[in-house]
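Chain by chain, the residues:
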Amino acid sequence: MSTRNAWGQMMRRCYDPDHPKYPRYGARGIRVCDRWICYRLFFEDVGERPEGMTLNRIDNNGNYSPDNCAWATAQEQSTNKANNRKLIFQGRTMCLTEWASEIGLSREALRNRLNRGWSVEDALTIQKDATR
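What you see is a predicted model; the values in this text were computed from it and never measured.

Peer 1: Kindly report on the pattern of salt bridges, identifying the contributing residues and their values.
Peer 2: Summed over the entire model, instances satisfying the criterion amount to five salt bridges. Across the pair Glu44 and Arg35 runs a salt bridge whose closest N-O atoms are separated by 3.2 Å. For Asp45, the salt bridge identified is with Arg35, shortest N-O distance 2.7 Å. Placement of Asp45 in helix H2 (residues 39–46) and of Arg35 in the loop between helix H1 (3–15) and H2 is noted, with a sequence separation of ten residues between them. What you see here is one network of salt bridges that share partners, running through Arg35, Arg40, Glu44 and Asp45.

Okay, structure coming up:
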């Protein structure tokens, strides 16, 4: 997808009620900043779309704007979805999948620990082979 196509899709998601993704964007009040209504200014701010990347809103509830958007990989995008489970531990906030990767557990194992009532601290620090 070209940079121009990415811009067009962003505009349609926010302003075209017939776009399939409008309910998750425009209908939720997600808008494009005034500056980015003009493709030339959008391009000035974000540059050419790098291969394999898409436009990511850093704050999933925020608008499309220079301070809230960056090109990101599909993996980076997947950690920024509204339905992700965010965990805060030792002053760091990451989604469950990121924590699982960092501590060497599968996402399912970490989710199961939390669903069984483990504290975030225990779920992230007790070794795999330990029983509770």
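Peer 1: Let's hear about the environment of Leu124: which residues, and what values?
Peer 2: Looking at where Leu124 falls in the secondary structure, it is placed in helix H6 (residues 120–125). Considered as a pair, Leu124 and Ile37 are 87 residues apart in the sequence and their alpha carbons are 44 Å apart.

Peer 1: Describe the packing of helix H4 (residues 96–103) against helix H5 (residues 107–115), listing the residues and the values that go with them.
Peer 2: Close contact between H4 and H5 brings their axes to 8 Å; oriented N to C, the two are set at 110°. In terms of their interaxial angle, H4 and H5 are classed as roughly perpendicular. In this structure, H4 crosses over H5, and the sense of that crossing is right-handed. Facing Leu96, Thr97, Trp99 and Ala100 of H4, the residues of H5 in contact are Arg107, Leu110, Arg111 and Leu114. A class-by-class count of the residues in the contact of H4 with H5 yields five nonpolar, one polar and two charged.

Peer 1: Tell me what's going on with the packing of aromatic side chains, and back it up with residues and numbers.
Peer 2: According to the stated counting rule, one finds six aromatic pairs in the structure shown. Between Tyr25 and Tyr64, the aromatic rings sit 6.5 Å apart at their centres with planes inclined by 20°, giving stacked as the arrangement. Taken together, the residues span a long stretch of sequence, with Tyr25 in the loop between H1 and H2 and Tyr64 in the loop between strand S1 (54–57) and strand S2 (69–72) at a distance of 39 residues. Comparing Tyr25 with Tyr64 shows no difference in burial state: the two are buried.

Peer 1: Kindly report on the side chain of Arg49, identifying the contributing residues and their values.
Peer 2: Turning to its location among the elements, Arg49 is positioned in the loop between H2 and S1. The side chain of Arg49 sits in the buried core without any salt bridge; Glu51 is the nearest counter-charge, 4.7 Å away. One polar contact links the side chain of Arg49 to the main-chain carbonyl oxygen of Met53, over a distance of 2.9 Å. The contact partners of Arg49, leaving out residues within four places of it in the chain, are Met1, Ser2, Thr3 and Trp71.

Peer 1: Which residues make up H2, and what values go with them?
Peer 2: Turning to H2, its buried residues are Tyr39, Leu41, Phe42 and Val46. One face of H2 carries all of its buried residues, which in axial projection span an arc of 160°. Elements that come into contact with the buried residues of H2 comprise H1, S1 and S2. Just downstream of H2 lies Gly47, where phi reads positive at about 75°.

The rules we used
- Residues numbered from 1 in each chain as written.
- Predicted model: local features only at pLDDT ≥ 70, side-chain atom pairs only at ≥ 80, totals over all residues.
- Heavy atoms only, no water.
- Salt bridge = Lys/Arg side-chain N within 4 Å of Asp/Glu carboxyl O.
- Helix = DSSP H or I, 4+ residues; strand = E, 2+ residues; numbered from the N terminus.
- Axes fitted to C-alpha atoms, helices over the stretch in contact; angles between N-to-C directions.
- Parallel < 35°, antiparallel > 145°, perpendicular 65-115°, else oblique.
- Left-handed = near helix turned anticlockwise from the far one by under 90°.
- Contact = heavy atoms within 4.5 Å.
- Nonpolar A, V, L, I, M, F, W, Y, C, P; charged D, E, K, R; others polar.
- Phe/Tyr/Trp six-rings, centres within 6.5 Å; stacked < 30°, edge-to-face > 60°.
- Buried < 20%, exposed > 50% of the residue type's maximum accessible area, 1.4 Å probe, protein only.
- Lys, Arg positive; Asp, Glu negative; His and termini not counted.
- Polar contact = N/O pair within 3.5 Å; in protein donor to acceptor, adjacent residues only side chain to side chain.
- Arc of directions from axis to C-beta.

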